[in-house]
Amino acid sequence: MSRHWRAALLFALLLLPPIRKALEASMTWQMLAQIPLLALAGAWLGAAVPPRLRAAIDPWNRHGVTGLLLATLTAAFWMLPRTLDAAGTRATVDLAKYLSVSLLLGLPLALSWPRAGFVVRGVFVLELIATCFRLGWLYLATPVRLCTIYPFSDQRRLGEYLIALGVALVVWIAGKLFWGGVGRRRPQPVFTARGAWRNAGTNPAPRARDGVPAPLSRFFRAR
Amino acid sequence: MPPWRTLAASAAVLIAGGAALAAASDGFQAFTTATALRVAVRAHPVRIPATVRLETHKSRRIALSDLRGKWLLVDFIYTRCPTYCVALGATFAQLQDRLAAPIAAGRLVLLSVSVDPDHDTPQRLAAYLARAHDRGAGWIAARPLGVQDLRRLERGFGVTVTPDPLGAYAHSVAVYLVDPQGRLVEILDAADADVVAHALDSRLRS
């Protein structure tokens, strides 16, 4: 099954009333399952973007910065307790959540991540880890319910899970740093700014690219 | 060449995203539904439903409109509540001391409304007041007479009551200030009796 059909199927599944109700019945399931799955549907949709359109977006999204910024702001919007409350009580707001999380978070993330270099990726992952710890800590430390539609116990449980997720991300990234993976990538077709598919290969020979001097270009692999 | 187009696109995304976040949080003032309500009430007082019928801890039947002409400090409780309602009760007992003068002058009434009317009979409400060390003046505990009355109170005050699986209720913990014209004018933090007393003092003076 091609990816855009998978995306449509996942989106439709999440939209099914019983599934939607079950996932939105708790703050934990909504934030750790529903929203990531919606983003995944959007990311799969990224495969359906035709190369011509990709090339048109390209110069507006160097190093994936614009797309990652859009994804971050969309995530921040749905992190406000108010907006989650509104999504839980009003169907129109919930629909806006479905569309924006898939199209303004998952999709730009999928289009931008392969274009982001080591530094941009590092900043993004670090900020993701910090957000897990920040929110987790907030949910555990705050004496009041932040979302009025969810019970206090749910908020505390989510706090614990977020801390655990932050720890898992740190362990994963540390593993990648120590046991390779960073800088060593499998050969994959990469669409370059010059408008042609080419094989990026493993550790391509350093050469001057986009104004970056040859010896440095292997460290700034953004295309 | 610097990536001007990426810079321009990023700036546009940042401005649009910032505007959306600002709009969704009343200009970065209110990030939760509860604070949003506080901000909104302070700007635009809300008329509370006057015809809601209540039964007091002395088994008297009253309507909210019977309390017109006085300032009201309202909180929402249920007598089986083990946590917040105890703190709310303590706050109200302290307020009875701090605000003894306006209470004695008939200018102020403290009202605790039960969100569990089926269980909270007048006897249980009276026992709740006794447990909270009611000083005996100006504090009414009451339950809504019917389900409709409770729903109208929830809507009128913007209170959300979520039943818990264990027969408990998660509910808004705050003190609601109603003016003599029957308008909800301020929602205050219930944790600090001093803040509530100060807010009422300044209203009474002006």
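Everything numeric in this text was worked out from a predicted model, so none of it was measured.

Parameters at a glance
- Residues numbered from 1 in each chain as written.
- Chains lettered and ligands numbered in written order.
- Predicted model: local features only at pLDDT ≥ 70, side-chain atom pairs only at ≥ 80, totals over all residues.
- Heavy atoms only, no water.
- Helix = DSSP H or I, 4+ residues; strand = E, 2+ residues; numbered from the N terminus.
- Contact = heavy atoms within 4.5 Å.
- Areas by Shrake-Rupley, 256 points an atom, 1.4 Å probe, with all protein chains shown as cover.
- Salt bridge = Lys/Arg side-chain N within 4 Å of Asp/Glu carboxyl O.
- Buried < 20%, exposed > 50% of the residue type's maximum accessible area, 1.4 Å probe, protein only.
- Pairing = 2+ DSSP bridges.
- 1 Å grid on protein atoms, 1.4 Å probe; cavity = no way out; pocket = protein on both sides within 12 Å on 5 of 7 lines; lining within 4 Å.
- Points joined across faces, edges and corners; volume = space filled by probe spheres on them.
- Nonpolar A, V, L, I, M, F, W, Y, C, P; charged D, E, K, R; others polar.
- Phe/Tyr/Trp six-rings, centres within 6.5 Å; stacked < 30°, edge-to-face > 60°.
- Axes fitted to C-alpha atoms, helices over the stretch in contact; angles between N-to-C directions.
- Buried area = accessible area lost by both parts, 1.4 Å probe.
- Polar contact = N/O pair within 3.5 Å; in protein donor to acceptor, adjacent residues only side chain to side chain.
- Patch = residues over 30% accessible without salt bridge, like charges linked within 9 Å, V, L, I, M, F, W, Y side chains within 5 Å.

Caption draft 1: A look at the overall build of chain A. For chain A, the count of helices and strands is 10 helices and two strands. Ordered by position in the sequence, the α and β elements of chain A form the string α-α-α-α-α-α-α-α-α-β-β-α. Long-range contacts, defined as pairs at least 24 residues apart, comprise 61% of the intrachain contacts of chain A with a sequence gap of at least 6. For chain A, the computed accessible surface area is about 12200 Å², with 72% contributed by carbon and sulfur atoms.

Caption draft 2: Region of the structure containing the pattern of salt bridges. Applying the stated rule across the entire model yields 16 salt bridges over all chains. Lys97 of chain A is paired through a salt bridge with Glu24 of chain A; the nearest N and O atoms lie 3.1 Å apart. Linking Lys97 of chain A in helix 7 (residues 91-112) with Glu24 of chain A in helix 2 (residues 17-24), this pair joins segments that are 73 residues apart in sequence. Exposure class is identical for Lys97 of chain A and Glu24 of chain A. Each is buried. Residue Arg98 of chain B pairs with Asp194 of chain B through a salt bridge whose shortest N-O separation is 2.2 Å. Of this pair, Arg98 of chain B sits in helix 3 (residues 84-98) while Asp194 of chain B sits in helix 7 (residues 193-205); the two residues are 96 residues apart in sequence, bridging distant segments of the chain. Residue classification places Arg98 of chain B among the partly exposed positions, given a relative accessible area of 42%. A network of salt bridges, in which partner residues are shared, links Arg20, Glu24, Asp94 and Lys97 of chain A.

Caption draft 3: View of helix 2 (residues 33-43) of chain B. By the burial criterion, the buried members of helix 2 of chain B are Ala36, Arg38, Val39 and Val41 of chain B. Looking at the packing, one finds that the buried side of helix 2 of chain B touches helix 6 (81-89) of chain A together with strand 1 (46-47), strand 9 (174-178) and strand 10 (183-189) of chain B.

Caption draft 4: Quick peek at the pairing of strand 2 (residues 53-56) of chain B. All names here are of chain B. Bridging between strand 2 and strand 3 (residues 61-63) involves three bridges; their strand directions are antiparallel. Pairing of Leu54 across the sheet is with Ile62, part of strand 3. Remark: four residues form the turn of the hairpin made by strand 2 and strand 3, two consecutive strands paired antiparallel; Ser59 in that turn has positive phi of roughly 65 degrees. As paired strands, strand 2 and strand 6 (residues 139-144) are joined by three bridges and run antiparallel to one another. Bridged to Glu55 within strand 6 is Arg143.

Caption draft 5: Focus on empty space enclosed by the protein. All names here are of chain B. Throughout the structure, instances matching the rule amount to two cavities of 30 Å³ or more. Of the volumes computed, that of the largest cavity is approximately 60 Å³. Around the largest cavity, the lining residues are Ile48, Ala50, Leu64, Ser65, Leu67, Arg68, Lys70, Leu72, Val178, Asp179, Pro180 and Gly182. Among the residues making up the lining of the largest cavity, the classes are represented as seven nonpolar, two polar and three charged.

Caption draft 6: Spotlight on the packing of aromatic side chains. A full pass over the atoms with the stated rule returns nine aromatic pairs over all chains. Measuring from ring centre to ring centre gives 5.0 Å for Phe77 of chain A and Trp78 of chain A, while their planes differ by 85 degrees; the resulting arrangement is edge-to-face. Note on Tyr128 of chain B and Trp139 of chain B: the rings are 6.5 Å apart at their centroids and 80 degrees apart in plane angle, and the pair reads as edge-to-face. Here the residue Tyr128 of chain B occupies a position in helix 5 (residues 122-131), and Trp139 of chain B occupies one in strand 6, the gap between them amounting to 11 residues. Of the two residues, Tyr128 of chain B and Trp139 of chain B, both sit in the buried class.

Caption draft 7: Quick look at unusual backbone geometry. Residue and element names in this part refer to chain A. If you check the backbone angles, His63 has positive phi at about 60 degrees while not being a glycine. Structurally, His63 can be placed in the loop between helix 4 (51-57) and helix 5 (65-77). On the accessibility criterion, His63 (30% relative accessible area) is partly exposed.

Caption draft 8: Structural context of the sheet that holds strand 3 of chain B. Residue and element names in this part refer to chain B. Strand order in the open sheet formed by eight strands is 1-10-9-4-5-6-2-3, and the pairing between neighbours is mixed. Each end of this open sheet is capped by a strand with a single partner; those strands are strand 1 and strand 3. Packed onto the sheet, helix 2 meets strand 1, strand 9 and strand 10 and runs at close to 140 degrees relative to strand 10.

Caption draft 9: Quick look at the environment of Val170 of chain A. Residues and elements named next belong to chain A. Relative to the assigned elements, Val170 resides in helix 9 (residues 152-178). For Val170, a relative accessible area of 35% gives the class partly exposed. Sequence separation of Val170 and Ile129 is 41 residues, and the distance between their C-alpha atoms is 7.1 Å. Look past the residues within four positions of Val170 in its chain and what remains in contact with it is Ile129 and Phe133.

Caption draft 10: Spotlight on the interface of chain B and chain A. Taken together, the contacts link 26 residues of chain B with 23 residues of chain A. Of the roughly 2100 Å² buried at the junction of chain B and chain A (both faces included), carbon and sulfur atoms supply 65%. Between the two partners, chain B and chain A, sit one salt bridge. Counting across the interface, chain B meets chain A through nine residue pairs in polar contact (both at pLDDT 80 or more). If you list the elements that add at least two residues to the side of chain B that touches chain A, you get helix 1 (4-24), helix 2 and strand 8 (169-171) of chain B. Looking at the side of chain B that touches chain A, the element that brings in the most residues is helix 1 of chain B, giving 10 residues. Of the residues assigned to the side of chain B that touches chain A, the class counts are 13 nonpolar, 10 polar and three charged.

Caption draft 11: Geometry of a nonpolar patch on the surface. Residues and elements named next belong to chain A. Residues Leu15, Leu45, Leu95, Leu99, Leu103 and Leu104 make up a contiguous nonpolar surface patch of roughly 450 Å² in combined accessible area. A total of four residues in the nonpolar patch trace back to one element, the largest contributor, which is helix 7. Mapping Leu104 onto the fold places it in helix 7.

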